[in-house]
Amino acid sequence: MAGTTITRADFVAVPSTDWRRSRAFYVDTLGLRPDDRSQGEFWAGEQCFGIYEPTQFGREFAPQTTAHLALHVDDVAAARAELEAKGVAFDGETFDTGVCHMAFFRDPDGNALMLHHRYAPRDEEYAGT
């Protein structure tokens, strides 16, 4: 890839068994912005998420369980309480790393998600990661 410069991520693929149900979850439950040109896409800030059904492309469905989509919120506790009131179940208690709060949950297909808020600067030891 000499000379090739990657300038951004165009979208994050979200596997689903029912794209309409997934869209409702991400747009109606989580409040992400729907794309006005595509029913299968939604936005968090400037990041596009594209819902797809792998079986429609001859691939097996498997939820993404090891690479959490970290969704920024200003207040993890408040956002968590709001989502719990909408029926979202969280995986354990909110985690405090010493620099950020994280609350883990899953979408209807089992894809791993996280509410995230960094409240302190990174430790210089980890600045390169």
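So, a few notes on the structure that sits alongside this text. (Residues numbered from 1 in each chain as written. Predicted model: local features only at pLDDT ≥ 70, side-chain atom pairs only at ≥ 80, totals over all residues. Heavy atoms only, no water.)

Looking at the layout of surface pockets
Phase 1: Its boundaries defined by the atoms lining it, the largest pocket holds a volume of some 230 Å³.
Phase 2: Taken together, 14 residues line the largest pocket, and the ones lying closest to its centre are Leu30, Leu32, His72, Val73 and Leu115.
Phase 3: If you list the elements that add at least two residues to the lining of the largest pocket, you get β5 (69-72) and α2 (76-85).
Phase 4: Looking at the lining of the largest pocket element by element, the count peaks at three residues for α2.
Phase 5: Within the lining of the largest pocket, the residues separate by chemical class into nine nonpolar, three polar and two charged. (1 Å grid on protein atoms, 1.4 Å probe; cavity = no way out; pocket = protein on both sides within 12 Å on 5 of 7 lines; lining within 4 Å. Points joined across faces, edges and corners; volume = space filled by probe spheres on them. Helix = DSSP H or I, 4+ residues; strand = E, 2+ residues; numbered from the N terminus. Nonpolar A, V, L, I, M, F, W, Y, C, P; charged D, E, K, R; others polar.)

Considering the sheet that holds strand β6 (residues 95-96)
Phase 1: Read across the sheet, four strands follow the order β5-β8-β7-β6 without closing on themselves; strand pairing throughout is mixed. Strands with a single pairing partner mark the edges of an open sheet, and in this sheet they are β5 and β6.
Phase 2: In terms of strand pairing, β5 meets strand β8 (residues 112-118) through four bridges, oriented parallel. Looking at β8, one finds that Ala70 is bridged to Met114.
Phase 3: Against the sheet, α2 makes contact with β7 (100-106) and β8, and its axis sits at roughly 150° relative to β8, the strand it touches most. (Pairing = 2+ DSSP bridges. Contact = heavy atoms within 4.5 Å. Axes fitted to C-alpha atoms, helices over the stretch in contact; angles between N-to-C directions.)

Structural notes on the sheet that holds strand β3 (residues 41-44)
Note on sheets: strands pair through backbone hydrogen bonds, and any given pair is parallel or antiparallel.
Phase 1: With respect to topology, four strands assemble into an open sheet ordered β1-β4-β3-β2, the strand pairing being mixed. This sheet does not close on itself; its edge strands, each paired only once, are β1 (12-15) and β2 (33-34).
Phase 2: Bridge count for β1 against strand β4 (residues 47-52) is four bridges, and the pairing is parallel. Bridge assignment links Val14 to a residue of β4, and that residue is Ile51.
Phase 3: Where helix α1 (residues 19-29) meets the sheet, it contacts β1, β2, β3 and β4, and its direction lies at approximately 150° from that of β4.

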